[in-house]
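# Tertiary structure, described
Now for the letters of each chain:
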Amino acid sequence: MNAAPAPSSARSTDAHALLHTGFRWQVPERFNIAQVCCGRWARQPRTARRVAVAWEHEDGRAGTLSYGELQAQADRLSHALQRLGVRRGDRVAIVMPQRPETAVANMAIFQLGAVAMPLSMLFGPDALAYRLQDSGARVAIADESSIANLRAARADCPALQTVLAVGGAAGQGDADWRDALAAASGAPFAPADTSAHDPAVLIYTSGTTGPPKGALIPHRALIGNLTGFVCSHNWFGAGRDEVFWSPADWAWTGGLMDALLPTLYFGRPIVAFQGRFSPERAFDLMQRHRVTHTFLFPTALKAMMKAVPAPRRQYRLRLRAVMSAGEAVGDAVFHWCRQALGVTVNEMFGQTEINYVVGNCGSYVAADGRRRPGWPARPGSMGRAYPGHRVAVIDDEGRECPRGTPGDVAVHRLDVHSHPDPVFFLGYWGNEAATRAKFTGDPASSWCRTGDTAVMDDDGYLWYQGRSDDIFKAAGYRIGPSEIENCLVKHPAVANAVVVPKPDADRGAVVKAYVVLAPGQVGDDALVRSLQQHVRGQLAPYEYPKEIEFIDALPMTTTGKVQRRVLRLQEEERARAAAGAA
């Protein structure tokens, strides 16, 4: 992504308009993710020796995989999958955590012209069976973290012909990874001549209603992600010593499309850590691997903020950019990142279907090679549309809302220059009705709704209000939970918090907070009153939680997002039980 030199009027603080005006999508007709993320680096002797993946296991094992080695193993796996009957367009499930074989599997599947279907190692048998059955996957690749659940799910998956076992799962599948690669041809694999619009990835999204839907992602979507990736990491690719790490699972959009693939696209090393996240381990990992760029969920940042308030006293960090997404960052975390890490966090917003479309950019590198300010991040804001994306807040009829009015965040099929935006998904697997429902008007040239509510201010900054189905009314007031949650987290006794409506006969609902306490804190009546007064002193009187319940942990998705719906349904069930007993 190149930008023209900034005119004198734009050099001081804000290059948003400049970067948008000067940007044009360049999407080749033939395009393959494996070729741009690995093949082109492996073909050159100088870049083939570069580290692609620096991996660690929590048990102490560690190593590296160069781009040349990544390509050689991907070629062997492509040959092996071809011998197993995998053809262009077939779905191949990858049920593994961050490990080098996961990167190899993705590259091998992409260059075959098949479709990679990443699945979380945390999925149980039922979750695996539904996705494998719905997609008709022919092959599944699994390691010791998932092989037992995969074997339990297999009886319900008649299309699944082969399970390829990796690492500690050896001997528990139909074939072992090591044996399959050793028996495969070592000759370079001739990659499929894929169109940019051909499917590359099938990711099942966890919707708030109904069963998960498979979002089919084309090869071109990687291009659509790049403006946001580059901007949110303060012009990633401009330095030669960049190292990326994120705890985001590579089985999800956040780990695959926001970390692994764009890092490899720029020929830089990515750190793969196989083990449980902890704040201290995160800091240690970033110190030892000299990590310069990272993507950390707000939940991870909150945990790091509470556990290590002053990290630069204990760790030697080299961070140049921190991107955060998945939930609202909030100004408490925002200010801590700036003060404690020395980096202004760039919040980002997107979803699997239309990813990396909104966010912030601390700086960019102009065509003359000089670094200049991008656009200033505003504490609590999601940011503004990234170059190449046309974003608005719309009402139920698909009309753009006046500035300052809440509505559904939406992205248009056509950019500001009336050119197709490559970031869009192809549709939901086997669910044309759901695909049509995602769009307002003609899916070929219309708005695509995200299902997230926000307000856009006069400068184009978006202010997150919550998932559209998380917004509720209490005594006639419209309540967005994220603002209250952010306020609660600022209290020293709170590690994390979630706000949901509690049904109330007189007011429709009242505000209820579920709170996870910081270590050493006691959840008693005095603390309840203290937290309520804390919120009342910071927000509107109607926003303070009328009830607070202390819990050990919040329900989370496998991608690190808080599941408010679980607690909301719990409150509704309690209300029904109380009404029945009355």
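Residues numbered from 1 in each chain as written. Predicted model: local features only at pLDDT ≥ 70, side-chain atom pairs only at ≥ 80, totals over all residues. Heavy atoms only, no water.

Counting secondary structure elements, the protein chain contains 17 helices and 29 strands. In terms of overall dimensions, the protein chain is globule-like: its C-alpha atoms have a radius of gyration of 24 Å, near the 25 Å expected for 582 residues. Looking at the protein chain as a whole, 58% of its 582 residues qualify as buried. Considering only intrachain contacts with a sequence separation of at least 6, the fraction spanning at least 24 residues in the protein chain is 69%. When the accessible surface of the protein chain is totalled, it reaches about 23,200 Å², and 48% of it is carbon and sulfur. (Helix = DSSP H or I, 4+ residues; strand = E, 2+ residues; numbered from the N terminus. Rg over C-alpha atoms; globule rule 2.2 N^0.38 Å. Buried < 20%, exposed > 50% of the residue type's maximum accessible area, 1.4 Å probe, protein only. Contact = heavy atoms within 4.5 Å. Areas by Shrake-Rupley, 256 points an atom, 1.4 Å probe, with all protein chains shown as cover.)

Within the structure shown, the criterion is met by 29 salt bridges. Glu397 serves as the salt-bridge partner of Arg399, at 3.2 Å between the closest nitrogen and oxygen. The two residues Arg399 and Glu397 agree in class, both being exposed. Ionic pairing is found between Arg449 and Asp408, a salt bridge with its closest N-O pair at 3.4 Å. (Salt bridge = Lys/Arg side-chain N within 4 Å of Asp/Glu carboxyl O.)

Turning to the packing of aromatic side chains, a few remarks are in order. Within the structure shown, the criterion is met by 19 aromatic pairs. Ring centres 5.8 Å apart and planes at 80 degrees place the aromatic pair Phe123 and Trp252 in the edge-to-face group. Of the two residues, Phe123 sits in the loop between strand S4 (115–118) and helix H6 (125–135) while Trp252 sits in the loop between strand S10 (244–245) and helix H10 (253–265), which places them 129 residues apart along the sequence. By relative accessible area, Phe123 is classed as buried at 9%. A ring pair is formed by Phe295 and Phe297, whose centres lie 5.0 Å apart and whose planes are at 65 degrees; its orientation type is edge-to-face. Accessibility classification places Phe295 together with Phe297 in one group, the buried group. (Phe/Tyr/Trp six-rings, centres within 6.5 Å; stacked < 30°, edge-to-face > 60°.)

The next thing to look at is the sheet that holds strand S27 (residues 494–504). An order of S27-S28-S29 is seen for the three strands of this open sheet, with the pairing classed as mixed. Where the open sheet ends on each side, the last strands, each with one partner, are S27 and strand S29 (547–550). Within this sheet the neighbouring strands show an average axis-to-axis angle of 25 degrees, counted without direction. Across ten bridges, S27 lies against strand S28 (residues 508–517) in antiparallel orientation. Bridge assignment links Pro503 to a residue of S28, and that residue is Ala509. Its contacts with the sheet put helix H16 (residues 525–538) on S27, S28 and S29, and the angle it makes with S29 is roughly 125 degrees. (Pairing = 2+ DSSP bridges. Axes fitted to C-alpha atoms, helices over the stretch in contact; angles between N-to-C directions.)

Next up on the list: the pairing of strand S17 (residues 371–375). If a strand is regular, its side chains alternate between the two faces of the sheet. For strand S16 (residues 361–365) and S17, the ladder comprises four bridges, and the chain directions are antiparallel. Counted as the bridge partner of Tyr364 is Arg372 from S17. Between S16 and S17, which pair antiparallel in sequence order, lie five residues; one of them, Gly369, sits at a positive phi of approximately 85 degrees.

Within the chain, Asn234 stands out as a residue other than glycine whose phi angle is a positive 50 degrees. Looking at the element boundaries, Asn234 is found in the loop between helix H9 (221–232) and S10. With a phi close to 60 degrees, Tyr356 is a non-glycine residue in the positive phi region. For Tyr356, the location among the structural elements is in strand S15 (residues 354–359).

Within strand S11 (residues 270–274), five of the five residues are buried, which leaves the element mostly enclosed by the surrounding structure. Side chains Ile270, Ala272 and Gln274 project from S11 onto one buried face, and the interleaved Val271 and Phe273 project onto a second face that is buried too. In terms of strand pairing, strand S1 (residues 51–57) meets S11 through five bridges, oriented parallel. Bridge pairing in S11 links Glu56 to Phe273.

Where helix H12 (residues 298–307) meets helix H13 (residues 330–341), the axes come as close as 10 Å, and the angle between the chain directions of the two elements is 60 degrees. In this view, H12 runs oblique relative to H13, as classed from their interaxial angle. Crossing geometry of H12 relative to H13 is assigned as left-handed. Each of Leu301, Lys302, Met304 and Met305 in H12 lies in contact with H13, whose residues at this interface are Ala332, Val333, Trp336 and Cys337. Considering only residue class, the contact of H12 with H13 consists of seven nonpolar, no polar and one charged. (Parallel < 35°, antiparallel > 145°, perpendicular 65-115°, else oblique. Left-handed = near helix turned anticlockwise from the far one by under 90°. Nonpolar A, V, L, I, M, F, W, Y, C, P; charged D, E, K, R; others polar.)

Turning our attention to the sheet that holds S1. Pairing is mixed across the open sheet formed by nine strands, whose spatial order is S2-S1-S11-S10-S12-S13-S14-S15-S18. Pairing within the sheet leaves two strands with one partner each, and these edge strands are strand S2 (62–66) and strand S18 (384–385). Examined bridge by bridge, S10 and strand S12 (residues 293–295) share two bridges and lie parallel to one another. The partner of Trp245 across the bridge, within S12, is Thr294. Where H10 meets the sheet, its contacts fall on S1, S10, S11, S12, strand S13 (321–324), strand S14 (346–351) and S15, and the angle it forms with S15 comes to roughly 80 degrees.

Before going further, it helps to spend a moment on the nonpolar core. Leu77, Met107, Leu132, Ile141 and Leu261 are the most contacted members of the largest nonpolar core, which totals 132 residues. Not counting the four nearest positions on each side in its chain, Leu132 is found in contact with Ala93, Met117, Leu119, Ala137, Leu150, Cys157 and Leu160. Counting 28 residues, the second largest nonpolar core, distinct from the first, contains Val291, Val333, Val345 and Val489. (Core = buried A, V, L, I, M, F, W, Y, C linked by side-chain atoms within 4.5 Å.)

Because the α-helix completes a turn every 3.6 residues, residues three or four places apart line up on one side. End to end, helix H4 (residues 67–83) covers 24 Å across 17 residues, agreeing with the expected 24 Å (1.5 Å per residue, within 8%). Of all the residues in H4, the buried ones are Tyr67, Leu70, Gln71, Ala74, Asp75, Leu77, Ser78, His79, Ala80 and Leu81. Within two residues after H4, Gly85 carries a phi angle of roughly 95 degrees, on the positive side. (Expected span 1.5 Å × (residues − 1).)

What follows is about the side chain of Asp249. Its location among the elements puts Asp249 in the loop between S10 and H10. Of the side chains with opposite charge, Arg99 lies nearest to the buried Asp249, which makes no salt bridge, at 11 Å. Setting aside residues no more than four positions away along its own chain, Asp249 makes contact with Met96, Pro97, Ser120, Gly255 and Leu256. (Lys, Arg positive; Asp, Glu negative; His and termini not counted.)

What follows deals with the packing of helix H2 (residues 33–42) against helix H5 (residues 100–112). At their nearest, the axes of H2 and H5 sit 8 Å apart, and the two run at 125 degrees to each other. Considering the angle they form, H2 stands oblique to H5. Judged by the sense of rotation from one axis to the other, the crossing of H2 with H5 is left-handed. For the pair H2 and H5, contact is made by Ile33, Ala34, Gln35, Cys37 and Cys38 and by Met107, Phe110 and Gln111, respectively. Tallied by class, the residues present in the contact of H2 with H5 amount to six nonpolar, two polar and no charged.

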